[in-house]
Amino acid sequence: VIMMGQPEHSVVTTCAYCGVGCAFKADMKGQEVVRMVPWKDGKANRGHSCVKGRFAWGYATHKDRVLKPMIREKITDPWREVSWEEAIGYAASQIRRIQNQYGRDSVGGITSSRCTNEETYLVQKLVRAAFGTNNVDTCARVCHSPTGYGLKTTLGESAGTQTFDSVMHTDVVIVMGANPSAAHPVFASRLKSRLRQGAKLIVIDPRTIELVSSPHIKADYHLPVRPGTNTALLTSMAHVIATENLIDEAFVAERCETKAFNEWREFVSRPENSPEAMAEITGVNANDLRGAARLFATHGNGSIYYGLGVTEHSQGSTTVMAIANLAMATGNIGREGVGVNPLRGQNNVQGSCDMGSFPHELPGYRHVSDNAVRQQFEQAWGVTIQPEPGLRIPNMFDAALSGSFKALYCQGEDIVQSDPNTQHVTAALSAMECIIVQDIFLNETAKYAHVFLPGSSFLEKDGTFTNAERRISRVRQVMEPQAGLADWEATCALSNALGYPMNYKHPSEIMDEIASLTPTFTGVSFKRIDELGGSVQWPCNEDAPEGTPIMHIDQFVRGKGKFVITQYVPSDERSTRKFPLLLTTGRILSQYNVGAQTRRTDNVLWHHEDVLEIHPHDAEERGISMGDWVAVQSRSGETALRAEITDRVQPGVVYTTFHHPESGANVVTTDSSDWATDCPEYKVTAVQVRRVTQP
Ligand code: SF4
């Protein structure tokens with residue numbers, strides 16, 4: 001697969017897997033990729049890569065690709081291959097029929113973090129301008145929506161504060177609810193270099209991840225927090241910092257809102273928030289927690305990197321705000337080596353959020369209820385935009401089940417495999433009258449679809465992705481769209497068929513429109529990105545023509561930083577007599593999310609099934625031996641996996657990955673979600689586990 005001959009030419013583009021956004025040189029022979037070489041001038045990766053970007057690109061030409069549009073009236077009918085014209089015409093007629101029958105807001109769309117900024121922008125524009133509704137949402141709903149809410153509330157911008165290079169200036173790092181060695185490997189290498197130079201490390205994770213104890217790295221503190229209690233843990237860290245006079249008073253006085261800070265200080269200082277009082281809840285030794293808090297507050301530049309183990313909780317947004325509180329209280333914002341750094345999962349999840357994919361926000365995180373902002377878009381687009389937010393993904397499912405939501409355009413997102421409580425999702429999809437899936441494979445969601453539009457892989461795309469450090473990087477077309485149309489062209493065709501004209505000649509024109517309507521993208525164009533060496537970090541505007549590696553330097557985007565009280569509220573998912581274990585989930589290095597791509601490459605040889613990690617004590621109690629099949633049952637459902645007995649997990653906690661559809665991790669996850677954003681609580685599910693014969 002990897003070596004198919006000598007290259008004739010090369011194209012520099014961006015990896016389509018994780019939020020690091022590594023640049024690659026695709027060495028080509030005609031339309032065939034010979035190999036992918038990490039690009040030495042890529043600013044996010046500097047010539048490094050991991051096994052996914054380097055080797056797992058063969059899915060783009062896999063035999064499972066569906067290259068013809070298809071339609072069917074009922075999901076029990078066989079698919080019928082049709083022309084693009086017929087498929088688009090049928091989809092448009094169904095959308096309009098449903099809107100005429102059930103109302104304008106009976107339809108909606110889901111954008112994809114696997115697509116470019118330009119493609120994502122067009123889908124939300126299609127939904128708002130051609131469908132006439134704000135019912136648009138993104139897969140960030142199920143991963144980093146709490147980051148958007150939490151960082152906007154406290155700091156004023158829904159994005160990480162630093163550049164990846166910043167980690168080389170840090171003195172003490174908190175890694176919380178993230179496993180960079182598996183999920184963000186190129187960043188992990190840079191972090192490890194800094195740790196080898198002597199920076200201190202605090203890992204907050206229920207599981208003993210590789211960073212806790214790898215051959216050359218030992219964490220100074222591992223706080224094995226009980227799933228669902230992150231907010232309690234961070235509040236007790238703040239208690240130590242506040243009560244032991246470790247607050248950076250000068251920073252807080254100059255940069256933060258005084259009243260909110262005083263209220264926060266009074267709250268965290270209460271005895272009930274001490275590490276000793278919280279130890280029963282968090283499961284973390286109070287002395288360790290005190291030691292970690294002191295280290296973070298006193299050891300120079302402190303930085304915090306976090307992942308979905310923070311956001312995918314019923315208190316995800318609260319925990320993000322607790323992280324921001326901690327950074328502000330210790331003066332660790334606004335210079336190199338510090339900051340709040342969400343490690344974004346998907347290649348363009350930052351971009352899909354930036355592009356207005358949320359039902360309440362237009363591009364650039366501006367609320368649809370803001371008259372001036374709405375008028376700007378109305379003038380540019382020539383339509384009226386609804387002033388009320390539309391439906392979030394879970395609300396779309398609920399509305400489908402109550403009969404008021406009937407049609408969905410879903411681009412590049414397998415909601416059946418990705419979203420929690422699979423039974424609920426499939427019931428909702430079954431209740432709709434028209435589902436349009438645009439994807440490169442017939443995924444699990446397509447089983448419920450009436451129209452299938454072939455999507456294009458990253459090798460066929462022309463546009464930009466935005467990584468976890470706000471870096472907008474060029475994605476260059478390596479081969480022609482295999483199905484004849486690029487994703488953006490299909491979206492334009494659908495819009496035109498609906499009677500709302502979209503006539504872009506090239507994705508660069510879409511970026512020009514984005515830049516003209518989005519203040520943080522004011523100076524961005526394909527030409528400018530090329531002039532700057534292939535990427536630029538937003539905000540990019542008159543004040544920062546070469547982009548902004550580090551945010552909030554002199555003042556926060558919102559003016560003064562805002563402390564928020566982070567009261568711990570227990571999750572509904574607690575261990576009980578019937579469901580005594582807590583299931584949490586994660587990823588491994590060679591596979592990616594639902595595995596739609598990596599399972600169709602040689603990477604599958606390195607990981608061909610998801611297993612359940614269980615502590616020896618819990619396994620013995622249940623008579624489970626290594627490799628036994630076990631049933632995992634929750635309030636939502638039951639699935640079966642093979643057991644791996646390991647002390648990587650604590651007693652009372654079990655863990656699995658979710659890369660293979662047959663393991664059905666989301667059959668057992670529940671409907672619990674973040675109070676502010678509805679991000680599902682994937683990371684805590686109360687389960688029982690028992691040995692079974694092979695299913
Ligand atoms: Fe880089 Fe992430 Fe792609 Fe690996 S998966 S090559 S770390 S962007």
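Bear in mind that the values here come from a model prediction, so they are computed numbers and not experimental data.

Caption draft 1: Region of interest: the sheet that holds strand β3 (residues 32-38). Read from one edge of the open sheet, 3 strands run β1-β2-β3, paired in antiparallel fashion. Sheet topology places β1 (9-14) and β3 at the edges, where each strand pairs with a single neighbour. Between one strand axis and the next, the sheet turns through 30° on average, direction left out of account. The pairing of β1 with strand β2 (residues 23-29) spans 6 bridges and is classified as antiparallel.

Caption draft 2: Quick peek at the environment of V536. Summarising the element assignment, V536 is placed in strand β22 (residues 535-537). When the C-alpha positions of V536 and A219 are compared, they lie 33 Å apart, and in sequence the two are 317 residues distant. Excluding residues that lie within four positions of it along the chain, V536 makes contacts with R470, R471, I472, V524, I529, E546 and G547.

Caption draft 3: Helix α6 (residues 185-196), seen in detail. Its 12 residues place the ends of α6 16 Å apart at the C-alpha level, agreeing with the 16 Å of an ideal helix rising 1.5 Å per residue. Across the 12 residues of α6, 9 count as buried, placing the element largely inside the fold. Those residues of α6 lying buried are P185, V186, F187, A188, R190, L191, K192, R194 and L195. Buried-residue contacts for α6 involve α1 (51-55), β8 (172-176), α5 (180-183), β9 (200-204), β11 (217-218) and β13 (302-306). Positive phi shows up at G198, right after α6, with a value of about 120°.

Caption draft 4: Structural detail: the environment of E276. Tracing the backbone shows E276 in helix α10 (residues 275-282). Taking C-alpha positions, E276 is 27 Å from N301, a pair spaced 25 residues apart along the chain. Not counting residues within four places of it along the chain, the set of residues in contact with E276 comprises A286 and R290. Within the structure, the side chain of E276 is placed 2.8 Å from the side chain of R290, a separation counted as a polar contact.

Caption draft 5: Structural view of the site of the ligand. With respect to spatial proximity, the complete set of residues near the ligand consists of C15, Y17, C18, G21, C22, F24, C50, K52, G53, P185 and V186. Of all the elements in the fold, those that place two or more residues in the shell around the ligand are α1 and α6. A breakdown of the residues in the shell around the ligand according to their chemical character gives 8 nonpolar, 2 polar and 1 charged.

Caption draft 6: Examining the state of the cysteines more closely. This structure, assessed with the given rule, holds 0 disulfides. Free of any disulfide, C434 has its nearest cysteine sulfur in C410, 12 Å distant. Using a relative accessible area of 1% as the deciding quantity, one classes C434 as buried.

Caption draft 7: The arrangement of the pairing of β9 in detail. Of all 5 residues in β9, 4 are buried; the element is thus mostly enclosed. Taken together, the 3 bridges between β9 and strand β12 (residues 221-223) define a ladder with parallel strand orientation. Within the sheet, the bridge partner assigned to I202 lies in β12 and is Y221.

Caption draft 8: Expanded view of unusual backbone geometry. With an omega of 0°, the peptide bond running from W538 to P539 counts as cis. If you trace the backbone, P539 turns up in the loop between β22 and β23 (581-586). The phi dihedral of N245 falls on the positive side, at around 55°, and the residue is not glycine. Positionally, N245 belongs in the loop between α7 (230-243) and α8 (249-255). With relative accessibility at 66%, the residue N245 sits in the exposed group.

Caption draft 9: Inspection of the packing of α7 against helix α13 (residues 316-329) at higher detail. Two elements in contact, α7 and α13, have axes whose closest approach is 9 Å; the angle formed by their N-to-C orientations is 20°. For the element pair α7 / α13, the angle class is roughly parallel. As for how α7 packs across α13, the hand of that crossing is left-handed. Residues N230, T231, L234, M237, A238 and I241 of α7 form the contact with α13, whose own contacting residues are T318, T319, A322, I323 and L326. A per-class count over the contact of α7 with α13 returns 7 nonpolar, 4 polar and no charged.

Caption draft 10: Summary view of the side chain of Q438. Counting through the fold element by element, Q438 comes out in strand β18 (residues 434-439). Its relative accessible area of 2% is what places Q438 among the buried residues. A polar contact is formed between the side chain of Q438 and the side chain of Y409, at a distance of 2.5 Å.

Caption draft 11: Broad picture of the packing of aromatic side chains. Counted by the stated rule, this structure contains 13 aromatic pairs. An angle of 40° between the planes, with centres 4.7 Å apart, marks the rings of W264 and F563 as tilted. Of this pair, W264 sits in helix α9 (residues 258-269) while F563 sits in the loop between β22 and β23; the two residues are 299 residues apart in sequence, bridging distant segments of the chain. In this structure W264 comes out as buried when scored by relative accessible area, which is 1%. On the basis of relative accessible area, F563 is assigned to the buried category, the value being 2%. Among the aromatic side chains, those forming a connected cluster through ring pairs are Y17, Y59 and F458. Here the basic side chain of K406 rests over the ring of Y102, its NZ or CZ set 5.0 Å away from the ring centre.

Caption draft 12: Fine view of the side chain of D354. Position of D354 among the secondary structure elements: in helix α14 (residues 349-354). One buried charge, D354, has no salt-bridge partner; the nearest side chain with opposite charge is R344, at 6.1 Å. Only 2.8 Å separates the side chain of D354 from the side chain of W538, close enough to count as a polar contact. Excluding anything up to four places from it in sequence, D354 contacts P363, G364, Y365, T466, F521 and W538.

Cut-offs used in this document
- Residues numbered from 1 in each chain as written.
- Predicted model: local features only at pLDDT ≥ 70, side-chain atom pairs only at ≥ 80, totals over all residues.
- Heavy atoms only, no water.
- Pairing = 2+ DSSP bridges.
- Helix = DSSP H or I, 4+ residues; strand = E, 2+ residues; numbered from the N terminus.
- Axes fitted to C-alpha atoms, helices over the stretch in contact; angles between N-to-C directions.
- Contact = heavy atoms within 4.5 Å.
- Expected span 1.5 Å × (residues − 1).
- Buried < 20%, exposed > 50% of the residue type's maximum accessible area, 1.4 Å probe, protein only.
- Polar contact = N/O pair within 3.5 Å; in protein donor to acceptor, adjacent residues only side chain to side chain.
- Near = heavy atom within 4 Å.
- Nonpolar A, V, L, I, M, F, W, Y, C, P; charged D, E, K, R; others polar.
- Disulfide = S-S within 2.5 Å.
- Parallel < 35°, antiparallel > 145°, perpendicular 65-115°, else oblique.
- Left-handed = near helix turned anticlockwise from the far one by under 90°.
- Phe/Tyr/Trp six-rings, centres within 6.5 Å; stacked < 30°, edge-to-face > 60°.
- Lys NZ or Arg CZ within 6 Å of the ring centre and 35° of its normal.
- Lys, Arg positive; Asp, Glu negative; His and termini not counted.
- Salt bridge = Lys/Arg side-chain N within 4 Å of Asp/Glu carboxyl O.

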